[in-house]
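Architecture at a glance
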Protein chains: 2
Amino acid sequence: MTINEEVRLLCTNAKEASLKLALATTEKKNSVLLCIAEKLKESKDELIAANERDIAAADANGVPKTMLDRLKINSERIDAICASLSDVASLEDPVGKGESWTRPSGLDISRVRVPIGVVAIIYEARPNVTVDSAALCLKTGNAVVLRGGKEAIHTNTAIVGIIKNALDECGLDPHCVELVASTDRESSVALMTMRGLVDVLIPRGGKGLIKSVVENATVPVIETGAGNCHLYVDESADMDMALKIAINAKCSRPSVCNAIETILVHASVAAKFLPAFALEAKKYDLQIRGCAKTCVLVSDAVEATEEDFATEYNDFIVAVRVVDSISDAISHINKYSTAHSEAIVTKDPANAERFLNEVNSAAVYVNASTRFTDGGEFGFGAEIGISTQKLHVRGPMGLAALTTEKYLIKGNGSIR
Amino acid sequence: MTINEEVRLLCTNAKEASLKLALATTEKKNSVLLCIAEKLKESKDELIAANERDIAAADANGVPKTMLDRLKINSERIDAICASLSDVASLEDPVGKGESWTRPSGLDISRVRVPIGVVAIIYEARPNVTVDSAALCLKTGNAVVLRGGKEAIHTNTAIVGIIKNALDECGLDPHCVELVASTDRESSVALMTMRGLVDVLIPRGGKGLIKSVVENATVPVIETGAGNCHLYVDESADMDMALKIAINAKCSRPSVCNAIETILVHASVAAKFLPAFALEAKKYDLQIRGCAKTCVLVSDAVEATEEDFATEYNDFIVAVRVVDSISDAISHINKYSTAHSEAIVTKDPANAERFLNEVNSAAVYVNASTRFTDGGEFGFGAEIGISTQKLHVRGPMGLAALTTEKYLIKGNGSIR
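Computed from a predicted structure; not experimentally measured.

To continue, consider the overall build of chain A. Within chain A one finds 16 helices and 16 strands. With respect to the three principal axes, the spread of C-alpha positions in chain A is 70 × 70 × 35 Å. Here chain A holds 416 residues, and the buried ones make up 52% of them. Considering only residue pairs separated by 6 or more positions, chain A has 72% of its internal contacts joining residues 24 or more positions apart.

Structure below.
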């Protein structure tokens, strides 16, 4: 079998399994999640052994230490994964929720949430994503085809084997969760083109993956995670608040998509804000890449290029631009942003309203850090990713994002 | 300028216009719709003259009479278009609708509906689609780039000229509605690839267009209108009701997407239903393409091929298959259907429930004709098309389908 044929077979099996899974009760789906948790706990030794093979191979291939840490699982991390499974089990099931109405024609119409069908997920090294993704898909009645990174292949194979055992034990089709064995680029592209079998593809990864999806995918896609986020410090901003939010939004966890990449500062407060920010930023070894005005105010800033403003660093680097007005700040954001999350610090209610209305992003904040863009923080309980597209769902995606709708219509011989 | 550059310029202008249009009040948007209606009425002579040029050219090119009729506008049709504009003006504006909640973090979160941005629509000959599409997009605060068929180019140019005058007169940017001047295939493909400028593409046309979109589009797409719809006559069906629904669903308007293409009949009632159906169908010159059992029961049926069951005829042709059980009927539908609309005629409540739950289509009917799948019939007031995809929106698309959501979050120096 070629890689394409292998992927097609997995997707065909998942499609068939999805039809039965869609009819499973909430109780049945929850029991599978709890059974998976139990089995993962029982299999800690097996999982850690598989993971050690991955770690050794990655280390030998020169994978950086920070990546190795993300790849690693141990007893505590398995416990955390299991806790997250029972969290998902306790969430409300969106499937079957809906509303009904009667039309003058006499038809009774119901619109109900139903599973999407087969969800494909392409992701990188973290093994917890394997369990999380499977859990969220199973909870919403979707079959899932997982295509993880090569660094985690032994860990993922062990995890999915355990999940399949749990499905079987609970009387569900083990094909509900499939793992693509090949981690070649070819298997990833094959998955992107399984029209009629894959109902939605969710890529969870960096720019290279998103680019490949845009170029190759013929199945419907939800793009996630590109976060070129901005903070604008308005002329009326409380300087202490601005400083606190800037440091939190940039430095608390720069590797994540809701961290800011550019700070825009109103010209009238730049001389006050920027030196204070630069001083505080030194504690984090933050590199500042600034416009000409910034470089005058911050002695160790390096000059920013046009490209800097379009870059998601995911690192201890920030671009800074001094702007003459809130209009300039909004224009800058609508030009360079990936439309993920942006914030303004201001005491002026009119400017706050303008920023909320005119900034064209999924999440827009007043006097708060962009770091709050997260399914848990928004109250959705769990999250399959953060959508940066406008179709289907925008921002943090909870369980409902993994469902679609269906109309059920009852008549009595009604014709039109 | 190349065609690609021309399309890019139109889309760039539309994008810029969309940012301002998104902030327009409902009153302002309604006033533009009513102003367009007024100007269309005033310009009847001009419109009819432009349309006559299109009709003459199409006639000379051998376009069939039925197509010519769809292309034609006259005084009454302009009045109908104007009535539809005031209907859209009277609909509720979804923009700004939403909900709010407060989180333990102290953040106030609102989720509100906002315009998508720039909508591109590729469609065929009917000039009323030009006005309808512009009206629905303007009402929802979206700029629109229209790419109509070559047969209607003079009519569409005249219509869009009038719309631009109305926009200008009402103080909105005329670039909110753009018409692609070129009707080459190249302009269509260019529009499909305007990433970052076109926020959603809605193709309204036949298989060839959908295929081209799947192959070429890099912008987000909502697929519409492919309707290989089914009627299943259950063994418990009321025969009179089944006959009435079958004739209505197939023969009342076979060219539309909610008409049925295949009838599945339970073996135990085939001998009763099929001859009666065939007799009634003769009045419509309906051709029956049947399975072997059908051909035994209906003398003038021709033998159906595998391909027949996958075909959307949009014509006075129907495929018929005798099935041994409701399970076989459901499997047939989930295999061949485009997941648009399907119906069962039955007196058995358990079979009705099974059919509703297990048929994997946007609209599933019990004892009613599939012809009801329509925004107006569902109570949505207007419709931009019928989505046959699972992402974003499924089934008839009302105004809300042309919006996305945005989170507005207010804190008080909140950090995470």
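From this point, things continue past the structure.
Formed by 150 residues in total, the largest nonpolar core has its most connected members in Val145, Leu191 and Leu201 of chain A together with Val145, Leu191 and Leu201 of chain B. Once residues within four sequence positions are removed from consideration, Val145 of chain A is found in contact with Leu10, Cys11, Ala14, Val118, Ala120, Glu178, Val180, Leu191 and Val198 of chain A.

All names here are of chain B. Contact geometry of helix 3 (residues 44-60) with helix 7 (residues 153-169) gives a least axis separation of 7 Å together with a crossing angle of 155°. With respect to helix 7, the axis of helix 3 lies roughly antiparallel. The segment helix 3 lies against helix 7, with Glu46, Leu47, Ala50, Asn51, Arg53 and Asp54 engaging Ile153, His154, Thr155, Thr157, Ala158 and Ile159. Tallied by class, residues from the contact of helix 3 with helix 7 come to 5 nonpolar, 4 polar and 3 charged.

Here we come to the interface of chain A and chain B. If you look at the interface, chain A gives 56 residues, while chain B gives 55 residues. Among the elements that take part in the side of chain A that touches chain B, strand 16 (residues 403-414) of chain A stands out by supplying 11 residues, more than any other. Sheet topology places strand 13 (residues 363-368) of chain A next to strand 16 (residues 403-414) of chain B; 5 bridges connect them, and they run parallel. Bridged to Val366 of chain A within strand 16 of chain B is Lys410 of chain B.

This next bit is on the sheet that holds strand 6 (residues 200-204) of chain B. All names here are of chain B. In space, the 4 strands of this open sheet follow the order 5-4-3-6, with parallel pairing throughout. Both edges of this open sheet fall to strand 5 (177-179) and strand 6, since each of them pairs with a single strand only. Geometrically, the sheet is characterised by an average inter-axis angle of 20° between neighbouring strands, direction not taken into account. In this structure, strand 3 (residues 118-123) lies alongside strand 6, joined through 5 bridges in parallel fashion. Its bridge partner lying in strand 6, Ala120 is registered against Leu201.

This paragraph deals with the sheet that holds strand 5 (residues 177-179) of chain A. Residue and element names in this part refer to chain A. In spatial order, the strands read 5-4-3-6; together these 4 strands make up an open sheet with parallel pairing. With one partner strand each, in any of the chains shown, strand 5 and strand 6 (200-204) form the two edges of the open sheet. Strand-to-strand, the axes of this sheet are offset by a mean angle of 20°, without reference to chain direction. Two strands pair when backbone bridges link them, and strand 3 (residues 118-123) and strand 4 (residues 143-147) are joined in this way by 5 bridges, in the parallel orientation. When the sheet's bridge partners are listed, Ala120 is paired in strand 4 with Val145.

Before going further, it helps to examine the relation of the copies chain A and chain B. When chain A is fitted to chain B, the best match, at an RMSD of 0.0 Å, comes from turning it 180° and sliding it 0.0 Å along the axis. The two molecules are tied by a two-fold rotation axis, judged by turn and shift. The rotation axis passes nearest to the C-alpha of His392 of chain A in chain A, at a distance of 1.7 Å.

All names here are of chain A. Taken N-terminus to C-terminus, the directions of helix 2 (residues 26-42) and helix 5 (residues 75-90) make an angle of 170°; their axes are 9 Å apart at the nearest point. Relative to helix 5, the element helix 2 lies roughly antiparallel. Two secondary-structure elements touch here, helix 2 through Asn30, Leu33, Leu34, Ile36, Ala37, Leu40 and Lys41 and helix 5 through Ile78, Ile81, Cys82, Leu85, Ser86, Val88 and Ala89. Here the contact of helix 2 with helix 5 is composed, by residue class, of 11 nonpolar, 2 polar and 1 charged.

It is worth spelling out the pairing of strand 7 (residues 229-233) of chain B at this point. Residues and elements named next belong to chain B. Across the 5 residues of strand 7, 5 count as buried, placing the element largely inside the fold. Here strand 7 shows a buried face lined by Cys229, Leu231 and Val233 and a second buried face lined by His230 and Tyr232. Where strand 7 lies against strand 8 (residues 260-266), 5 bridges are found, and the strand directions are parallel. By the bridge assignment, Leu231 is partnered in strand 8 with Ile263. Taken together, strand 7, helix 10 (residues 239-251) and strand 8 form a β-α-β motif whose crossover is right-handed. Both strand 7 and strand 12 (residues 341-345) contribute to a ladder of 4 bridges, which runs parallel.

Further remarks concern the environment of Ile386 of chain B. As for its placement among the helices and strands, Ile386 of chain B is situated in strand 14 (residues 386-387). When the C-alpha positions of Ile386 of chain B and Ala226 of chain B are compared, they lie 8.6 Å apart, and in sequence the two are 160 residues distant.

Take the pairing of strand 12 (residues 341-345) of chain A next. All names here are of chain A. Taking burial as the measure, the 5 residues of strand 12 include 5 buried ones, the bulk of the element. Side-chain alternation along strand 12 places Ser341, Ala343 and Val345 on one buried face and Glu342 and Ile344 on a second face that is also buried. One ladder, built from 4 bridges, connects strand 12 with strand 13; its direction is parallel. Counterpart to Ile344 in the pairing with strand 13 is Val366.

Residues and elements named next belong to chain A. The terminal C-alpha atoms of helix 2 lie 25 Å apart, and with 17 residues this matches the ideal 24 Å at 1.5 Å per residue to within 8%. All buried positions along helix 2 are accounted for by Lys29, Asn30, Val32, Leu33, Cys35, Ile36, Ala37 and Leu40. Where helix 2 is buried, its residues contact helix 3 (44-60), helix 5, helix 6 (127-139) and helix 7 (153-169).

A word on the confidence of the model for chain A. With 100% of its residues at a pLDDT of 70 or more, chain A shows a mean pLDDT of 95. Reported confidences for the modelled complex are a pTM of 0.92 and an ipTM of 0.93.

The next point concerns the environment of Ser255 of chain A. On the secondary structure map, Ser255 of chain A appears in the loop between helix 10 (239-251) and strand 8 (260-266). With 60 residues separating them along the chain, Ser255 of chain A and Asp315 of chain A place their C-alpha atoms 5.7 Å apart.

Turning to unusual backbone geometry, a few remarks are in order. Of all residues except glycine, most have a negative phi; of all peptide bonds, most are trans. Of note in the backbone geometry, His392 of chain A takes a positive phi value of approximately 70° without being a glycine. Under the C-beta neighbour-count criterion, His392 of chain A is labelled buried, with 22 such atoms within 10 Å. At Asn314 of chain B, a position not held by glycine, the phi torsion is positive, near 50°. Relative to the elements of secondary structure, Asn314 of chain B occurs in the loop between helix 13 (306-309) and strand 11 (317-323). Using a count of 15 C-beta atoms within 10 Å as the deciding quantity, one classes Asn314 of chain B as partly exposed.

A turn of α-helix holds 3.6 residues, and therefore any two residues three or four places apart point the same way. Residues and elements named next belong to chain A. Residues of helix 14 (residues 326-336) that are buried include every one of Ile326, Ala329, Ile330 and Ile333, and no others. Each buried residue of helix 14 sits inside an arc of 95° when the element is viewed along its axis, so together they form one side. Away from its buried face, by an angle of more than 90 degrees, helix 14 presents the exposed residues Ser327 and Lys335. Buried residues along helix 14 sit against strand 7 (229-233), strand 8, strand 11 (317-323), strand 12 and helix 15 (349-358).

Structurally, the position occupied by Lys139 of chain B is in helix 6 (residues 127-139). Between the C-alpha atom of Lys139 of chain B and that of Leu402 of chain B, which follows or precedes it by 263 residues, the distance is 9.5 Å.

Reading the values: rules and limits
- Residues numbered from 1 in each chain as written.
- Chains lettered and ligands numbered in written order.
- Predicted model: local features only at pLDDT ≥ 70, side-chain atom pairs only at ≥ 80, totals over all residues.
- Helix = DSSP H or I, 4+ residues; strand = E, 2+ residues; numbered from the N terminus.
- Buried ≥ 20, exposed ≤ 12 C-beta atoms within 10 Å, placed from the backbone.
- Contact = placed C-beta atoms within 7 Å.
- Core = buried A, V, L, I, M, F, W, Y, C linked by C-beta atoms within 7 Å.
- Axes fitted to C-alpha atoms, helices over the stretch in contact; angles between N-to-C directions.
- Parallel < 35°, antiparallel > 145°, perpendicular 65-115°, else oblique.
- Nonpolar A, V, L, I, M, F, W, Y, C, P; charged D, E, K, R; others polar.
- Pairing = 2+ DSSP bridges.
- Least-squares fit on C-alpha atoms with pLDDT ≥ 70 in both.
- Right-handed = clockwise from strand over helix to strand, strands pointing away.
- Expected span 1.5 Å × (residues − 1).
- pLDDT = per-residue confidence, 0-100.
- Arc of directions from axis to C-beta.

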